Amino acid sequence: MDESAEPALFSMAPPGAMSDRRQVNDAKLLDNIRSFIAPIARDASAVTDDPRVVQIARDLSEVFADHAGLTGMTKAEVEAVMVRRGHTDHALFDSRFDLFVRMGLIRPYLEKKNQSRYVLDPSGLAGLLVFERLGTRGGIEEMLLLLDRTRWLIETGEANRATIIRHLRRCRQLLNVYAANLSRLVETASIGELIDEHASHDPSRVERDVHVLNNLVTQRFSGDFELGELAFQLVKAELGYRQQVLGAVDRVLDQGGASLDFSVLTPEQYLSAAINASSEELAAVAAHVVVDPPTVWLDPGSIVDALDELRPGRRAPVRPPGPSPSGDTDPIATLLEQHERAVRHRRLVLESHLDGGDSVDMTASLRELGWPAAAVELMELLTASVDLAQPFALTLGREVLVDPDAPVTYLHPVILSRSPTGQDGRP
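Residues numbered from 1 in each chain as written. Predicted model: local features only at pLDDT ≥ 70, side-chain atom pairs only at ≥ 80, totals over all residues. Heavy atoms only, no water.

Undergrad: Kindly report on the overall build of the protein, identifying the contributing residues and their values.
TA: The number of helices and strands found in the protein is 16 helices and eight strands. Here the protein holds 427 residues, and the buried ones make up 30% of them. The contacts in the protein between residues at least 6 apart in sequence include a share of 65% that link residues at least 24 apart. Counting every atom, the protein has about 28,000 Å² of accessible surface; 57% of that belongs to carbon and sulfur. (Helix = DSSP H or I, 4+ residues; strand = E, 2+ residues; numbered from the N terminus. Buried < 20%, exposed > 50% of the residue type's maximum accessible area, 1.4 Å probe, protein only. Contact = heavy atoms within 4.5 Å. Areas by Shrake-Rupley, 256 points an atom, 1.4 Å probe, with all protein chains shown as cover.)

Dropping the structure here:
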């Protein structure tokens, strides 16, 4: 079975509904991961630039999760499953597997020499989940999770004042960084890049979460000036972030509309506009579009139909009847021909019974035929055995086999054997 067809454990889509436009390929995912790893990287090549290794890590983790059981898998077992998933580069698999073992993503089941069974480290599994989420939405999910966790800490009283201050500052910093990055993209990115970037953001949810958090801080810590100021600065950062998101949308609509690029909106948005927009709004879309006047539409089918209707009728030529067969046939020659065909057919049937051997017991076969087919077959066998031109002999046993429940109630043993004779009947 092709395991690549099974549902993936590490889906490229983040939680919730997502269109195909919000998914990214592995090359883009590596770009995002490279920024994520930079604070702890040894050098600029800390993250590979080969997208194949991302798929290998994803598939290898799913293999361990689905097939390892409680005692792990050997390297050969893992590679066999990976081959069924479509990985045929042995050298690449071997190098990545050894690297994962050295870095602790894959661990020996027992800490012994020559240990051949391995299991997946849970931290590596969690890391893949984080990288997939980071790669698809550029870290937006982490900012939303931080806003939710800050609100939860305040509502439950699980955090002290210093922790709340640290979380509020981090939320504001993330919003400022995203706003600055969006500003850069509005100035430099292409329309396609802006569309992909905008699909990763959720400004309505960010606005709602920030205002809920601001109201919560204001109510719970009404006398704390520092916390109140941080909550205000968070709202201010959210406004700047939302302004840049809207700026990206404006540039996409302006430039996409000027170039008549119909890919700037999703099919659902165009369908909604066609249903809900007024006729004046729909007419304004093509107000400056130059089109040719409509022409008479003729498709190939209508042309063929018209030609068939107007074509003058013709009388189709009729082939003259062929000569009648002659009635002067030789009846003797016909009988001889029929006899030869019957002899050839009988010999082929008996050769098939012998199946290359020298003799065969036909008793059971005759009994299974039932009456009267057994009698017809026995007569064929007797006819062949007395034909001196045929190399067959038939032996009938003296004993009588009686079985009231069988298709043939009683029968003598019948043995068909090969008799080496020539065409003239002499041995």
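Picking up where we left off.
Undergrad: Explain the packing of aromatic side chains to me, using residue names and the numbers behind them.
TA: Each pair of aromatic rings is reported with the distance of its centres and the angle of its planes. The tally for this structure, following the rule as stated, stands at two aromatic pairs. For the pair Phe93 and Phe97, a centre-to-centre distance of 5.7 Å together with 40° between the ring planes defines the contact as tilted. With a gap of four residues between them, Phe93 and Phe97 both fall in helix H4 (residues 90–103), about one helical turn apart. Its relative accessible area of 1% is what places Phe97 among the buried residues. Pairing Phe97 with Tyr118 gives two aromatic rings, centres 5.5 Å apart and planes at 85°, and the pair type is edge-to-face. Of this pair, Phe97 sits in helix H4 while Tyr118 sits in strand S3 (residues 117–120), and the two are 21 residues apart along the sequence. Comparing Phe97 with Tyr118, the two get one shared label, buried. Counting every residue linked through ring pairs, the aromatic cluster contains Phe93, Phe97 and Tyr118. (Phe/Tyr/Trp six-rings, centres within 6.5 Å; stacked < 30°, edge-to-face > 60°.)

Undergrad: Give a description of a nonpolar patch on the surface that names residues and reports values.
TA: Judged by side-chain polarity, Leu298, Ile303 and Leu307 come together as a nonpolar surface patch covering roughly 300 Å² of accessible area. Topologically, Leu298 is positioned in the loop between helix H12 (279–285) and helix H13 (300–310). Leu298 gets classed as exposed once you look at its relative accessible area, which sits at 54%. (Patch = residues over 30% accessible without salt bridge, like charges linked within 9 Å, V, L, I, M, F, W, Y side chains within 5 Å. Salt bridge = Lys/Arg side-chain N within 4 Å of Asp/Glu carboxyl O.)

Undergrad: Break down the pattern of salt bridges for me, with residues and values.
TA: When their charged atoms lie close together, side chains carrying opposite charge are able to pair. Tallied over the full model, the rule gives 16 salt bridges. The shortest N-O distance in the salt bridge between Arg52 and Asp50 comes to 3.0 Å. Its relative accessible area of 44% is what places Arg52 among the partly exposed residues. The shortest N-O distance in the salt bridge between Arg169 and Glu226 comes to 3.5 Å.

Undergrad: Any chance you could break down helix H6 (residues 140–156) for me, citing the residues and the numbers?
TA: Between the first and last C-alpha of H6 there are 24 Å, a value that for 17 residues agrees with the 24 Å anticipated at 1.5 Å per step. All of the buried residues in H6 are Ile140, Glu141, Met143, Leu144, Leu146, Leu147, Thr150, Leu153 and Ile154. Once H6 finishes, Gly157 follows within two positions and takes phi at roughly 70°, a positive value. (Expected span 1.5 Å × (residues − 1).)

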